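An overview of the molecular structure
Spelled out from the first residue to the last, the chains are:
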Amino acid sequence: MTQSSEPPALGPSPSPSSPSSPGSSSSPGPSSAPFPSRFREAERRGRAIARPLFLFADIGKDVDEALMERLGAALLQRDELGAALAGATRLPAGDPGRVTRSLIGEALRTAPGGHHELPPALREFMEHVSTVPDWVDWERIERGAAAYRSLGRNSSDVLLLLSLVGGYRFGGPADLLVLTGGLTGGTTLRRLGETTLWSHAVTRPGGLRPGAEGWRLTAHVRAMHALVDARFAPRWDSARWGRPVNQADQAATLGLFDATVIAGCRALGVRLTRRQRDDLMHLWRYVGHLMGVAPEWLTDDENVRHRWNHHILLAAAGQTQAGRDLARQTMDAQAHRDFGHARPAVERLRRRYEHARQLSLLTVFMGPAGMRDLGLRSRLPWALPLALASNTVRYRLLGALPGGRRRLEERGARAQERQLASLFPEGSGGPAGVARLPEAG
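Residues numbered from 1 in each chain as written. Predicted model: local features only at pLDDT ≥ 70, side-chain atom pairs only at ≥ 80, totals over all residues. Heavy atoms only, no water.

This part covers the packing of aromatic side chains. This structure, assessed with the given rule, holds 9 aromatic pairs. Measuring from ring centre to ring centre gives 5.5 Å for Trp-138 and Tyr-286, while their planes differ by 85°; the resulting arrangement is edge-to-face. Highlighted residues: Trp-138 in helix H7 (residues 138-150) and Tyr-286 in helix H15 (residues 274-291), separated in sequence by 148 residues. This pair shows no difference in class: Trp-138 is buried, exactly as Tyr-286 is. Look at Tyr-148 and Trp-284: their rings are 6.3 Å apart centre to centre, the planes differ by 65°, and that puts the pair in the edge-to-face class. Note that Tyr-148 is positioned in helix H7 and Trp-284 in helix H15, a separation of 136 residues in sequence. We note that Tyr-148, like Trp-284, is buried. Three or more aromatic residues link up through ring pairs in this structure, and these residues are Tyr-148, Trp-198, Phe-257 and Trp-284. One Lys or Arg, Arg-70, reaches over the ring of Trp-297 and ends 4.6 Å from the middle of that ring. When the ring centre of Trp-138 is taken as reference, the NZ or CZ atom of Arg-209 above it lies at 4.1 Å. (Phe/Tyr/Trp six-rings, centres within 6.5 Å; stacked < 30°, edge-to-face > 60°. Helix = DSSP H or I, 4+ residues; strand = E, 2+ residues; numbered from the N terminus. Buried < 20%, exposed > 50% of the residue type's maximum accessible area, 1.4 Å probe, protein only. Lys NZ or Arg CZ within 6 Å of the ring centre and 35° of its normal.)

Running from N to C, helix H2 (residues 43-50) and helix H16 (residues 302-315) cross one another at 145°; their axes reach a closest spacing of 7 Å. Between H2 and H16, the contacting residues are Glu-43, Gly-46, Arg-47, Ile-49 and Ala-50 on the first element and His-310, Leu-313 and Leu-314 on the second. A class-by-class count of the residues in the contact of H2 with H16 yields 4 nonpolar, 2 polar and 2 charged. (Axes fitted to C-alpha atoms, helices over the stretch in contact; angles between N-to-C directions. Contact = heavy atoms within 4.5 Å. Nonpolar A, V, L, I, M, F, W, Y, C, P; charged D, E, K, R; others polar.)

Written out as structure tokens, the structure reads:
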């Protein structure tokens, strides 16, 4: 996912060679194509942004040049299985290989069986996402989902502020979001709600089993990413940014959902055991597989992901105006959330409080320099001690009592559902009205 359910990120793009296996990506590498100019253009800045990472990660600060080369090459790589599906949507009407968006939706709704009569590209796509890799451990995935639910509102805060808005400090993904209209304009709050709906779907009991809602939405997003890449590649500045939706940005986005959420929640005082963190990483590894992230960027080792995230920051582009615009629109949209209070005066106060609280936490996560990058005014960090006090009581005291972990999970899930509902103001149809994620472009 790009830093949301929308895809991350104008001359022709290189045409990677065919993959060796379904779901893999091509590897043009530095010898066959120069890296896009965004690569390492703001390395000194990235090094400064990465400093807090070392508080939560057992990784060295040395730069692995071989890993950096892999990241540069990954900017030119795409999800080849998704690309074949996108190509089939452009075949003329009447062609037996043609795939339509409605046919993709129908195949996902009827999954995991009945693939033999589908057009070849869609059949291969469905067979790939319906085949569970041997390394998947369903007990670990369910424990990881339970751990995510126990995070409660903290997960929403970290995903919104550190992962999503923090990601707007780097050019490329933010520029594509503006071009596609994702997370912009009057639809900002609803798009955020749809992303939150997806994250809830994959972390509810059984949500990632083939045919379940989380599985279906994840495969749907993968298909939409492929369509966006195919649509915008002919007019995208590939010499500057690489492919519109590329493997480097996909790996970066996955890192924002797994290790970054873990580190962010720990920074807010949430206690997570080693096993909970390992299980969370395992869950998101499978999500990344379904999303079309290349196997070389999938891991359930938290420190490996932190190490990759460190190098991704060093490889990242600098700030662009697109990121500033998205950050402002995203934070402004928080003032329009619906907390369901019957009394208008109470509702207005709650909205103002939540908006102020999130800007305060954003300042904690970004620091004064990050807020300047995003064109936002720094706020006093008053929300951090409140979060630390609340989470200390909840996770270190109440969570240690008999049955405490189960109560944390139940209470956290309810808090997450309230957060989700607040992103769908009255009259928008609410979370239940979201039949599927939006079709990109």
